[in-house]
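Each chain, letter by letter, is given below.
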Amino acid sequence: MMAETRSLRLVERLPKVRGSYRANVSLAQYTWFRVGGPAEILFRPEDADDLAAFMAGKPGDVPVTVLGVGSNLLVRDGGIPGVSIRLGKGFAGLARDGDILRAGAGCLDANVALQAAHWGMGGLEFLSGIPGTIGGALRMNAGAYGREMKDVTLAAEAIDADGNRQYATNGAMCFGYRHTGMPADWIFVAAELKTSSADPAAIATMMADIQAKREATQPVRTRTGGSTFANPTETSAAHTKAWELIDQAGCRGLTRGGAMVSEKHCNFLVNTGNATAAEIEDLGEEVRARVFAKFGVELRWEIKRIGVRLEKAQ
């Protein structure tokens, strides 16, 4: 009741919007791990103008967290204070202009690949193998099967912390491995992606091959958060892939409560059914410790961990 009262008081301080505010919303339903506490306030803006007005009018002491579809996200058991923003249909538009595809940040990566294939626009096939949205893919320079966002992004649009529209070209985005140099408080709302003309049938064949490889090598039908750790960049690493380090450190199948290192692909953590976010995070930290002890390599989390940690979920 106290938490509900705090949330209602927070809503009263927020600017009027055309979208919706909801208080104390369980975020477990929005993450692929199916764990996590509540959002104090969940805001679903109607469109980019609504989002900009919110950012311009919100109190400066209210923290803001942006959520995608929760595919590479671990929300801690204590939930997320302040306002969590989830981009919906108003950010899921797709349009073409010659060989440029414009995608809203809320578009699923796989849907962008499918529409591009339908239009005979090649070069985006790799997106069919990346769970998540274009906004998240921009933020982390997502990649798979030999390509990443820096290879196809012409420019991106964002809303900054003051509600201003920002436009950044590829060169200004400072893409790195699973990283972009854009300010952390910018909220991506759209991307312009370059493509090349291709036969739709050939594109479909390539995407089918990508899907088959994913099904064969990754635990795609489990409660997981995708690739857990970024591949190490240290030149002295005994192996170049995170999964190799994890495997050689004896972590395949390792468990902590209801959390487990996948037997199929050991750079994936899995909720076997009743895991808490703390168990998943602790298991990941144990994997990092074992890899460091054996190889002297410090694995970097690729999964984004957010929210308040509880030692024991309530």
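Details of the structure are given in the entry above.
A few points on the structure. What you see is a predicted model; the values in this text were computed from it and never measured. (Residues numbered from 1 in each chain as written. Predicted model: local features only at pLDDT ≥ 70, side-chain atom pairs only at ≥ 80, totals over all residues. Heavy atoms only, no water.)

## A short note on the pattern of salt bridges
Then comes step 1: As enumerated under the stated definition, the model contains 20 salt bridges in all.
Then comes step 2: The residue Asp247 makes a salt bridge to Arg252 at a minimum N-O spacing of 3.0 Å.
Then comes step 3: Under the relative-accessibility criterion, Asp247 is labelled partly exposed at 26%.
Then comes step 4: One salt bridge in this structure joins Glu286 and Arg256, with 2.9 Å as the shortest N-O distance. One end of the pair, Glu286, is in helix H7 (residues 277-295); the other, Arg256, is in strand E17 (residues 255-256), with 30 residues separating them in the sequence.
Then comes step 5: In the salt-bridge network here, residues are joined through shared partners; they are Arg76, Arg256, Glu281, Asp282, Glu285, Glu286, Arg288, Arg290, Glu298, Arg305 and Arg309. (Salt bridge = Lys/Arg side-chain N within 4 Å of Asp/Glu carboxyl O. Buried < 20%, exposed > 50% of the residue type's maximum accessible area, 1.4 Å probe, protein only. Helix = DSSP H or I, 4+ residues; strand = E, 2+ residues; numbered from the N terminus.)

## A short note on the packing of aromatic side chains
Then comes step 1: A complete count under the given rule lists 4 aromatic pairs for this structure.
Then comes step 2: On the basis of an interplanar angle of 45 degrees and a centroid distance of 5.2 Å, the ring pair of Tyr21 and Phe43 is categorised as tilted. Taken as a pair, Tyr21 in strand E1 (residues 20-26) and Phe43 in strand E2 (residues 38-44) lie far apart in primary sequence, 22 residues in all.
Then comes step 3: We classify Tyr21 as partly exposed; its relative accessible area is 22%.
Then comes step 4: Judged by its relative accessible area of 0%, Phe43 is buried. (Phe/Tyr/Trp six-rings, centres within 6.5 Å; stacked < 30°, edge-to-face > 60°.)

## Focus on empty space enclosed by the protein
Then comes step 1: For the structure on display, the rule yields 1 cavity of 30 Å³ or more.
Then comes step 2: Quantified by volume, the largest cavity comes out at close to 40 Å³.
Then comes step 3: Together, Leu27, Tyr30, Thr31, Leu67, Gly68, Val69, Gly70, Leu73, Val75 and Arg86 line the largest cavity.
Then comes step 4: In terms of residue class, the lining of the largest cavity is made up of 6 nonpolar, 3 polar and 1 charged. (1 Å grid on protein atoms, 1.4 Å probe; cavity = no way out; pocket = protein on both sides within 12 Å on 5 of 7 lines; lining within 4 Å. Points joined across faces, edges and corners; volume = space filled by probe spheres on them. Nonpolar A, V, L, I, M, F, W, Y, C, P; charged D, E, K, R; others polar.)

## Points about the nonpolar core
Then comes step 1: Among the nonpolar cores identified, the biggest contains 50 residues, and Leu51, Ile85, Val112, Leu127 and Ile134 are the most heavily contacted of them.
Then comes step 2: With residues near it in sequence (within four places) discarded, Leu51 still touches Phe43, Pro45, Ile85, Leu87, Phe91, Ile159, Ile187 and Val189.
Then comes step 3: Within the second largest apolar cluster, 24 residues are counted, among which are Phe229, Ile246, Leu254 and Val261. (Core = buried A, V, L, I, M, F, W, Y, C linked by side-chain atoms within 4.5 Å. Contact = heavy atoms within 4.5 Å.)

## Notes on the sheet that holds strand E18 (residues 259-261)
Then comes step 1: Ordered by their spatial adjacency, 4 strands build an open sheet running E15-E19-E18-E17, and the pairing between neighbours is antiparallel. This sheet does not close on itself; its edge strands, each paired only once, are strand E15 (223-224) and E17.
Then comes step 2: Contacting E17, E18 and strand E19 (269-271), H7 crosses the sheet at an angle of about 30 degrees to E18. (Pairing = 2+ DSSP bridges. Axes fitted to C-alpha atoms, helices over the stretch in contact; angles between N-to-C directions.)

## Structural notes on the environment of Thr180
Then comes step 1: Examined against the element boundaries, Thr180 turns out to sit in the loop between strand E12 (165-169) and strand E13 (187-194).
Then comes step 2: Each C-alpha atom, one on Thr180 and one on Lys150, is 9.0 Å from the other, the two residues being 30 residues apart in sequence.
Then comes step 3: Each residue touching Thr180, except ones within four places of it in the same chain, is listed here: Leu138, Arg139, Met173, Cys174, Phe175 and Phe188.

## Observations regarding unusual backbone geometry
Then comes step 1: With a phi angle near 45 degrees, Asn141 is a residue other than glycine that sits in the positive phi range.
Then comes step 2: Mapped onto the elements, Asn141 comes out in the loop between helix H4 (134-140) and strand E9 (143-144).
Then comes step 3: Positive phi outside glycine occurs at Arg178, with the angle close to 55 degrees.
Then comes step 4: Here Arg178 is to be found in the loop between E12 and E13.

## Some words on the sheet that holds E12
Then comes step 1: Pairing is antiparallel across the open sheet formed by 5 strands, whose spatial order is E6-E7-E13-E11-E12. Taken across any chain shown, the strands that pair with only one partner, and hence form the sheet edges, are strand E6 (94-97) and E12. Each neighbouring strand pair of the sheet contributes to a mean axis angle of 20 degrees, computed without reference to strand direction.
Then comes step 2: With 4 bridges connecting them, E6 and strand E7 (residues 100-104) associate as antiparallel partners. Following the sheet pairing, Asp97 is matched in E7 by Ile100.

## Details of helix H5 (residues 200-217)
Then comes step 1: Compared with the 26 Å implied by 1.5 Å per residue over 18 residues, the 26 Å span of H5 between its first and last C-alpha is a close match.
Then comes step 2: Tucked inside the fold, the buried residues of H5 contact helix H3 (109-118) and strand E8 (121-122). (Expected span 1.5 Å × (residues − 1).)

## Digging into the pairing of E13
Then comes step 1: The buried fraction of E13 is high, at 7 of 8 residues.
Then comes step 2: In this sheet, E13 lies alongside E7 in antiparallel orientation, the contact comprising 5 bridges. Following the sheet pairing, Ile100 is matched in E13 by Lys194.
Then comes step 3: In the sheet, strand E11 (residues 153-159) pairs with E13 via 6 bridges, with the strands oriented antiparallel. Bridge pairing in E13 places Thr153 opposite Leu193.

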